[in-house]
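Structural characterization, general
What follows is each chain in one-letter form.
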Amino acid sequence: MNGAGAPASTWRDAGGAWLRGIAQIAFLEHWLDGVLVLAATALLSPWSAVGAALGALFAVALGRRVFRQTEWEWQAGFGAYDCAIMGLLWGSVLARGGAPVLLFPLFLLLCLALRGPVHRIMAKLGLPPFALPGLMTVWIALGVFSVLGANFWVYPVPLDPTATEIGLAIACIVIGVLRKNGRVASATVLLAVCTVGMMHWSGQDPWSIGAAGLWAFTVTPAFFAAATMLSGFRLGWVAGAIAAVAAAAVWLAWMALPALAAVPPLMAPLFIGLWVATLLCLGRDRVLCMDPSTQAAARQITAAGRGGAVVLSGAGISTAAGIPDYTAGAWLDVGVPLARYGYGAFLSDPGSRALYWAACARFRVVADHARPCASHAALAAIEAHGLVSTVVTQNVDDLHQKAGARNVVDLHGTIFKVRCLQCGVGHEWPADDAWFAGDLLCPQCNGFLKPAVIAFGEEIPAAVWQAALQAVSNCRVLLVVGTQLAVGAALNLVATARARGAKSIFITMGTLACPVFPGDIMLIQPAERALPAIARLLGVTPMARAS
Ligand SMILES: [Zn+2]
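In this text the structure is predicted, and so the values were computed from the model without any measurement. (Residues numbered from 1 in each chain as written. Predicted model: local features only at pLDDT ≥ 70, side-chain atom pairs only at ≥ 80, totals over all residues. Heavy atoms only, no water.)

What follows concerns the overall build of the protein chain. Helices and strands together make up the secondary structure of the protein chain, namely 23 helices and nine strands. Here the protein chain has a C-alpha radius of gyration of 30 Å; the compact-globule value for 547 residues is 24 Å, and the former is much larger. In terms of its C-alpha atoms, the protein chain occupies a principal-axis envelope of roughly 100 × 60 × 45 Å. When each of the 547 residues of the protein chain is scored for burial, the buried share is 51%. In the structure as shown, the protein chain presents an accessible area of about 24600 Å², 65% of it carried by carbon and sulfur atoms. Put simply, the protein chain has 34 plus and 27 minus side-chain charges, and the middle of one group is 5 Å from the middle of the other. (Helix = DSSP H or I, 4+ residues; strand = E, 2+ residues; numbered from the N terminus. Rg over C-alpha atoms; globule rule 2.2 N^0.38 Å. Buried < 20%, exposed > 50% of the residue type's maximum accessible area, 1.4 Å probe, protein only. Areas by Shrake-Rupley, 256 points an atom, 1.4 Å probe, with all protein chains shown as cover. Lys, Arg positive; Asp, Glu negative; His and termini not counted. Charge placed at Lys NZ, Arg CZ, Asp CG, Glu CD.)

Now the structure itself:
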């Protein structure tokens, strides 16, 4: 009995979404963790557990049909997360019973309605929303209750867990976080122990509800969430430390400011700490840095080790610098048949030679004025860091070299050089328009001079091809950037890398002329956004960031 467009879902899906929503209270995602979080909550405050369970259930029942959550969001429990958090904080109302309990479903509806707009605003800011709608709804409830003269936030709530119950609750959460990430979880536990120890040492009771707010609901989850958000990267530890310190500072400031005394901070310091860490550690690359595919690409480059990655770049990396696609002929005269720019025409027809020289001269002027983009800078920095051994490029614009890349194989040559087709000796570029006056010939051997780029139908010089082939044969990761692989030589290099067992990462805005395999990583992003994000995750700072 499914409405049009609504995919079939079973009781199992709904149960999974419900428990995954509850698991996210502790920044976990498996349904089993939902059981652990619920158990931990029940041990400390049974009514909060009831509230969280009811809230998440309500969201799962309505989220997809009424509030148009996507199937993915719903299944992952993201819709239920806010309502679970809200239910948790309604525990004291539910415990007291009576008429105010009837307001609970209304506030759950408000929470679900707020989700869309809040998420859109946070997406514009490029920051994760966490359970901000849930938190906002709790604050609104607080205002409504105080206007009605009722006490929503009974502080402390009627609960008095024993030491055993507290210990068991902590054990449940520790099992959950250990299951997600053992290293981060161990560091988090250590941090929690240190914080509790410091509180004890400074004469506070760490087990009182006010103090637990600082160590259990602020410092500890801030560190765990930030570090797991960037797990596998050194940056994750930095982000965790920043989030923990920032969250603690906000908590302490909140407690010290009389103006804020009426509003309980709840998870606000935690969220603010995480946003501060996101902004400081990820800056303007933050959205892509949090994207799972970008992280997977960066992890794969790290795993390939020193010199383990080779880059194969194409026109897409230089379009942001205003350079037309060389291999697609986007720099040639309109209306002139493509064949006139071919290698055969160059050898046989003086008119075609003049046309070719003129087109190359125009391309050279454009390339000469172009500055490397953020993508070139990021690649050069990753190379300097030792992770990339070679950059094989189909481009002829020298922008990789201008950005500081050292080991570049110019597969199609360079527009800044001129070469004799007979003896191979390089020469200076001739004066403008010299090609219209007659053929440009080598002073040494009288062979034709030609811009040192590969024309249609011209063979890639054997030494260049060997260098490219050798680079891709020895790589563990081939990073393909800004090329649709429309040219046979590039396809051949990808196939060679694959045959040698290298992993492939594709960063492209267009379709690919080669099949994508299940193990490949595909980033449909402009190179000038994706590569700086990868560099940042790798802990590499681009030498100079061009616009
Ligand atoms: Zn010559």
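Moving on from the model shown.
Ordered by their spatial adjacency, six strands build an open sheet running E3-E2-E1-E7-E8-E9, and the pairing between neighbours is parallel. Edge positions in the open sheet fall to strand E3 (408-410) and strand E9 (521-523), since each of these has one partner strand only. Across the sheet, the mean angle separating the axes of adjacent strands is 15° when strand polarity is ignored. Taken together, the three bridges between strand E8 (residues 503-507) and E9 define a ladder with parallel strand orientation. Note on E9: the bridge partner recorded for Phe506 is Met522. The sheet contacts of helix H15 (residues 292-304) involve strand E1 (309-313), strand E7 (477-481), E8 and E9, and relative to E9 the element is tilted by about 130°. Here helix H22 (residues 488-499) sits on the sheet in contact with E1, strand E2 (388-393), E7 and E8, set at roughly 155° to E7. (Pairing = 2+ DSSP bridges. Axes fitted to C-alpha atoms, helices over the stretch in contact; angles between N-to-C directions. Contact = heavy atoms within 4.5 Å.)

Let's shift gears to helix H12 (residues 234-256). Helix length check: H12 (23 residues) gives 34 Å between terminal C-alpha atoms against 33 Å at 1.5 Å per residue, within 8%. Listing the buried residues of H12 in full gives Leu235, Gly236, Ala239, Gly240, Ala243, Ala244, Ala246, Ala247, Ala248, Trp251 and Trp254. Turning to H12, the residues buried within the fold contact helix H8 (132-147), helix H10 (182-201), helix H11 (209-229), helix H13 (268-282) and helix H23 (527-537). (Expected span 1.5 Å × (residues − 1).)

Here the focus is the layout of surface pockets. In this model, the second largest pocket occupies a volume close to 1400 Å³. Around the second largest pocket, the lining comprises 37 residues; the ones closest to its centre are Trp72, Phe78, Pro128, Pro129 and Met290. For the lining of the second largest pocket, the secondary structure elements donating two or more residues are helix H4 (71-76), helix H5 (78-89), helix H7 (103-125), H11 and H15. Counted by class, the lining of the second largest pocket contains 20 nonpolar, eight polar and nine charged residues. (1 Å grid on protein atoms, 1.4 Å probe; cavity = no way out; pocket = protein on both sides within 12 Å on 5 of 7 lines; lining within 4 Å. Points joined across faces, edges and corners; volume = space filled by probe spheres on them. Nonpolar A, V, L, I, M, F, W, Y, C, P; charged D, E, K, R; others polar.)

This part is about the nonpolar core. Counting residues in hydrophobic clusters, the biggest one holds 105 residues, and the most contacted among them are Trp90, Phe271, Ile301, Leu479, Ile507, Leu531 and Ile534. Setting aside anything within four residues of it in sequence, one finds Ile507 in contact with Leu479, Val480, Val481, Gly482, Leu523, Gln525, Ala527, Ala530, Leu531 and Ile534. In this structure, Tyr326, Ala370, Cys420 and Trp435 belong to the second largest nonpolar core, which totals 31 residues. (Core = buried A, V, L, I, M, F, W, Y, C linked by side-chain atoms within 4.5 Å.)

Quick look at the coordination of the zinc ion now. Tetrahedral coordination by four donors places them ideally at 109.5 degrees to one another around the metal; octahedral coordination by six donors ideally gives 90 or 180 degrees. For the zinc ion, every protein donor is listed as Cys420 (SG), Cys423 (SG), Cys442 (SG) and Cys445 (SG), and the spread of their distances is 2.2 to 2.4 Å. Considering all four donor atoms around the zinc ion, the spread of angles at the metal, 95 to 118°, places the coordination shape in the tetrahedral class. Here the donor residues of the zinc ion share one chain and are spaced in sequence as C-x2-C-x18-C-x2-C. (Donors = N, O, S within 2.8 Å, 3.2 Å for Na, K, Ca; no water. Tetrahedral: all angles 85-135°; square planar, octahedral: opposite > 155°, others 65-115°.)

Take the environment of Val472 next. Structurally, Val472 can be placed in helix H21 (residues 462-473). Excluding its chain neighbours within four sequence positions, the residues that come into contact with Val472 are Val310, Leu478, Leu493, Thr496 and Ala497.

Time to look at the pairing of E8. Summarising burial for E8: four of the five residues are buried, a large majority. Bridge count for E7 against E8 is five bridges, and the pairing is parallel. Paired with Leu478 across the strands is Ser504, a residue of E8. A crossover links E7 with its parallel partner E8, the connecting element being H22, and its sense is right-handed. (Right-handed = clockwise from strand over helix to strand, strands pointing away.)

On to empty space enclosed by the protein, then. Taken as a whole, this structure holds two cavities of 30 Å³ or more when the rule is applied. What the largest cavity holds in volume is close to 50 Å³. In terms of lining residues, the largest cavity is bounded by Pro350, Arg353, Ala354, Trp357, Trp435, Gly438, Asp439, Leu440, Phe448 and Leu449. With four residues, helix H17 (residues 350-369) is the single largest residue contributor to the lining of the largest cavity. For the lining of the largest cavity, the residue count by class is seven nonpolar, one polar and two charged.

The three strands are arranged E5-E4-E6 in an open sheet whose pairing can be described as antiparallel. In the strand order of this sheet, the two ends are held by strand E5 (426-427) and strand E6 (449-453), each with one partner. The pairing of strand E4 (residues 413-420) with E5 spans two bridges and is antiparallel. Within the sheet, the bridge partner assigned to Val418 lies in E5 and is His427.

This part is about the pattern of salt bridges. Per the stated rule, a full pass over the model turns up twelve salt bridges. Its salt-bridge partner being Arg179, residue Asp33 comes within 3.0 Å of it at the nearest N-O pair. Here Asp33 is found in helix H2 (residues 31-44), whereas its partner Arg179 is found in helix H9 (residues 163-180), with 146 residues between them in sequence. Exposure remark for Asp33: the relative accessible area of 3% places this residue in the buried category. With a relative accessible area of 43%, Arg179 lands in the partly exposed category. Several salt bridges share partner residues, and in doing so they unite Glu73, Asp82 and Arg115 into one network. (Salt bridge = Lys/Arg side-chain N within 4 Å of Asp/Glu carboxyl O.)

Together, Trp47, Val50, Leu54 and Leu57 line one region of the surface with nonpolar side chains, adding up to about 350 Å² of accessible area. Within the secondary structure, Trp47 sits in helix H3 (residues 46-62). Trp47 sits in the partly exposed class, given a relative accessible area of 42%. (Patch = residues over 30% accessible without salt bridge, like charges linked within 9 Å, V, L, I, M, F, W, Y side chains within 5 Å.)

Turning next to the confidence of the model for the protein chain. With 96% of its residues at a pLDDT of at least 70, the protein chain reaches an overall mean of 90. Per-residue pLDDT, averaged within each element of the protein chain, yields its smallest value for H4 (84) and its largest for E3 (98). For the stretch residues 1-6, pLDDT sits under 50, and the model shows seven contacts to residues farther than four places along the chain or on other chains. (pLDDT = per-residue confidence, 0-100.)

We now examine H11. Counted at 1.5 Å a residue, the expected span for H11 with its 21 residues is 30 Å, and the 28 Å between its end C-alpha atoms agrees. At Pro221, H11 shows its maximal bend, which comes to roughly 30°. By the criterion of burial, H11 is predominantly enclosed, with 17 of the 21 residues buried. (Bend = angle between axes of the 7 residues up to and from the residue.)

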